[in-house]
Amino acid sequence: MLGYSTHKEVKIWVQTKNPSKVYAKYFISGNPEQSNITREVNTEHNKGNVAHLIADVLEPGKTYEYIIYVNGKYQEPASEQKFKTQPIWIGKQSGPPDIKFALGSCAFVNDPKYDTQAKPYGGEYFIYQSISAQKPDFMLWMGDNIYLREPDWESRTGFIYRYTEQRSLAELQPLLANVHHYAVWDDHDWGPNDGDASFWMGATADEIFKLFWANPNYSKKGIYGSFTWGDTQFFLMDDRSFRTANDNKTGSRSFFGEEQLDWLVNGLAFSKATFKFVVVGGQVLNPLSVFENYSTYAEEREKLLSKISKLKIKNLVFLTGDRHFTELSYIQEGFEYPIYDFTVSPLTSSTHAPITEKNPLRIEGTLVDDKRNFGTIEITGPLKQRNLVFRIFDSSGKELWSREIKAK
């Protein structure tokens, strides 16, 4: 799997079947005579036989091919294996690059040995081929990227087993190998359904998430962090490590927690990015206090939105998952600039239509509650005239709807 990409460094994630010595050879596409290799890493059983390989002899704005070697032996690629470095654009006449990324949440893979549903809950894994066909620069996984079962969340062995099962899915592997990936989590990557900061294996959930995902940075506690791509910035949030139990109404309630919330507000205030994306496992703008929406933590939600209003943050988009349906929400009242919440779900889990009254912030015609789906966001145009397009596709790759906004 390809992890993060920068101008001068890329991470390649590899998992072997047995403890092994692993390295990658890489070269500018079409020029294998001038190649470099990563440092060789030993994979270990107690770490899931996972290796994080760093390609660090790179030039900005180039496409590279890479080859994996295990115990010194060339591994025949099952599909194309290419990565790209980000281009330098500041001060260049060409301006910022066109950007296209894919996104989705809720990716259940059936495992009859441990599943308890009466009928298979996951399906249509060919959706990953449809995502690959869109040729995104990278993909955002917005939580419930795996579904831990009860035998999984009580041990490191269980966590590693579940992640390994997911990564072994044949339909997924070409997408992993050729598109850069970033991730946040939600309850099913964390532990029990609707889990919170009281989860007794939280430290293990944190450890294994960081082992199996290759984000460029993580906070000291929790998984939140940030990255930039062109003239956009992404804030990857942690909605589990600091969360008060849903049913605990005895005092102040925490969703992100004070430290993470302050980090986000400071980051938004500092950011010079044209578009700022805040990636969260659950819906943020939807005002209905249902399930695990941020609205069920009303005091903290109001605190965040009030600070966003006072700071007059431009071009802010929340990217969210969890709900097993898709919709685009929009709010302007009380804000200098409109704010969007793009909820995209599910990828391979079963769908679930909203069972409460209509989200009053939903943009008409954007609800998808009967199909597995994924989204893309495309950003194009000159720096002062950037244009953003939201798109939703069904599992076969058919476009279901699109909406366009312009940078303010």
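The structure presented is a predicted model; accordingly, all values stated were derived computationally and were not measured. (Residues numbered from 1 in each chain as written. Predicted model: local features only at pLDDT ≥ 70, side-chain atom pairs only at ≥ 80, totals over all residues. Heavy atoms only, no water.)

Colleague: Which residues make up the overall build of the protein, and what values go with them?
Modeller: Assigned secondary structure in the protein consists of seven helices and 21 strands. Based on the C-alpha atoms only, the size of the protein along its principal axes is roughly 60 × 55 × 40 Å. Residue burial in the protein is summarised as follows: out of 408 residues, 57% are buried. Across the protein, contacts joining residues at least 24 apart in sequence account for 69% of those joining residues at least 6 apart. Total accessible area on the protein is roughly 17,500 Å²; 49% of this is exposed by carbon and sulfur atoms. (Helix = DSSP H or I, 4+ residues; strand = E, 2+ residues; numbered from the N terminus. Buried < 20%, exposed > 50% of the residue type's maximum accessible area, 1.4 Å probe, protein only. Contact = heavy atoms within 4.5 Å. Areas by Shrake-Rupley, 256 points an atom, 1.4 Å probe, with all protein chains shown as cover.)

Colleague: Go over helix 5 (residues 202-212), please, and point to the residues and values.
Modeller: Within helix 5, nine of the 11 residues are buried, which leaves it mostly tucked inside the rest of the structure. Residues Gly202, Thr204, Ala205, Asp206, Ile208, Phe209, Lys210, Leu211 and Phe212 constitute the buried set of helix 5. Here the buried face of helix 5 lies against strand 2 (10-15), strand 6 (50-55), helix 2 (156-167), strand 12 (180-184) and helix 4 (187-190).

Colleague: Would you mind going over the domain arrangement of the protein in detail, with residue names and values included?
Modeller: We note that the domain assignment places domain 1 (2-85) and domain 2 (99-406) within the protein. Computed over C-alpha atoms only, the centres of domain 1 and domain 2 are separated by 27 Å. Counting residues at the interface gives 20 residues for domain 1 and 21 residues for domain 2. Interface area, domain 1 with domain 2, both sides summed: about 1,600 Å², of which 53% is carbon and sulfur. When residues of domain 1 are sorted by the area they lose upon contact with domain 2, Leu2, Tyr4 and Trp13 head the list and together hold 32% of the total. Between domain 1 and domain 2 we count one salt bridge in total. Of all the secondary structure elements, the ones that give two or more residues to the side of domain 1 that touches domain 2 are strand 1 (2-5), strand 2, strand 6 and strand 9 (82-84). Looking at the side of domain 1 that touches domain 2, its residues break down into seven nonpolar, eight polar and five charged. (Domains from an automatic or database assignment. Buried area = accessible area lost by both parts, 1.4 Å probe. Salt bridge = Lys/Arg side-chain N within 4 Å of Asp/Glu carboxyl O. Nonpolar A, V, L, I, M, F, W, Y, C, P; charged D, E, K, R; others polar.)

Colleague: Describe the side chain of His324, listing the residues and the values that go with them.
Modeller: Positionally, His324 belongs in the loop between strand 16 (316-320) and strand 17 (327-331). Overall, the relative accessible area of 10% leaves His324 in the buried class. What His324 contacts, discounting residues up to four positions off in sequence, is Cys106, Tyr121, Tyr147, Ser345, Pro346, Ser349, Ser350, Thr351 and His352.

Colleague: Tell me what's going on with the pattern of salt bridges, and back it up with residues and numbers.
Modeller: Per the counting criterion, the structure on display carries 20 salt bridges. In this structure, Asp206 engages Lys210 in a salt bridge whose closest nitrogen and oxygen atoms are separated by 2.9 Å. Within this pair, Asp206 and its partner Lys210 are both found in helix 5, separated by four residues, close to a single helical turn. The partner of Arg391 in a salt bridge is Glu399, and the shortest N-O contact between them spans 3.4 Å. Through salt bridges with shared partners, one network takes in Asp186, Asp239, Arg240, Arg243 and Glu292.

Colleague: Go over the packing of aromatic side chains with me, naming the residues and quoting the values.
Modeller: In total, this model carries 43 aromatic pairs according to the counting rule given. Seen in terms of ring centroids, Tyr128 and Trp141 are 5.9 Å apart; in terms of plane orientation they differ by 35°. Their pairing is tilted. Of this pair, Tyr128 sits in helix 1 (residues 127-133) while Trp141 sits in strand 11 (residues 138-142), placing them 13 residues apart in sequence. With respect to burial, Tyr128 and Trp141 carry one shared label: buried. Cluster of aromatic residues (ring-pair linked, three or more members): Tyr128, Trp141, Trp185, Trp190, Phe199, Trp200, Phe209, Trp213 and Tyr218. The ring of Trp13 has Arg167 sitting right over it, with the charged end atom 4.6 Å from the ring centre. One Lys or Arg, Arg167, reaches over the ring of Trp213 and ends 4.5 Å from the middle of that ring. (Phe/Tyr/Trp six-rings, centres within 6.5 Å; stacked < 30°, edge-to-face > 60°. Lys NZ or Arg CZ within 6 Å of the ring centre and 35° of its normal.)

Colleague: Let's hear about the environment of Gly281: which residues, and what values?
Modeller: Along the chain, Gly281 turns up in the loop between strand 15 (275-280) and helix 7 (298-311). A residue is classified by how much of its surface remains accessible, and Gly281, at 1% relative accessible area, is buried. Remark: the alpha-carbon pair of Gly281 and Gln332, spanning 51 residues in sequence, is separated by 23 Å.

Colleague: Can you explain the sheet that holds strand 15? Please cite residues and give values.
Modeller: One open sheet accounts for six strands, arranged 13-14-15-16-18-17; its pairing is mixed. Edge positions in the sheet fall to strand 13 (225-229) and strand 17, since each has one partner strand and no second. Strand-to-strand twist in this sheet, taken as the mean axis angle between neighbours without regard to direction, amounts to 20°. In terms of strand pairing, strand 13 meets strand 14 (residues 232-236) through five bridges, oriented antiparallel. In the strand pairing of strand 14, Thr228 is matched with Gln233. (Pairing = 2+ DSSP bridges. Axes fitted to C-alpha atoms, helices over the stretch in contact; angles between N-to-C directions.)

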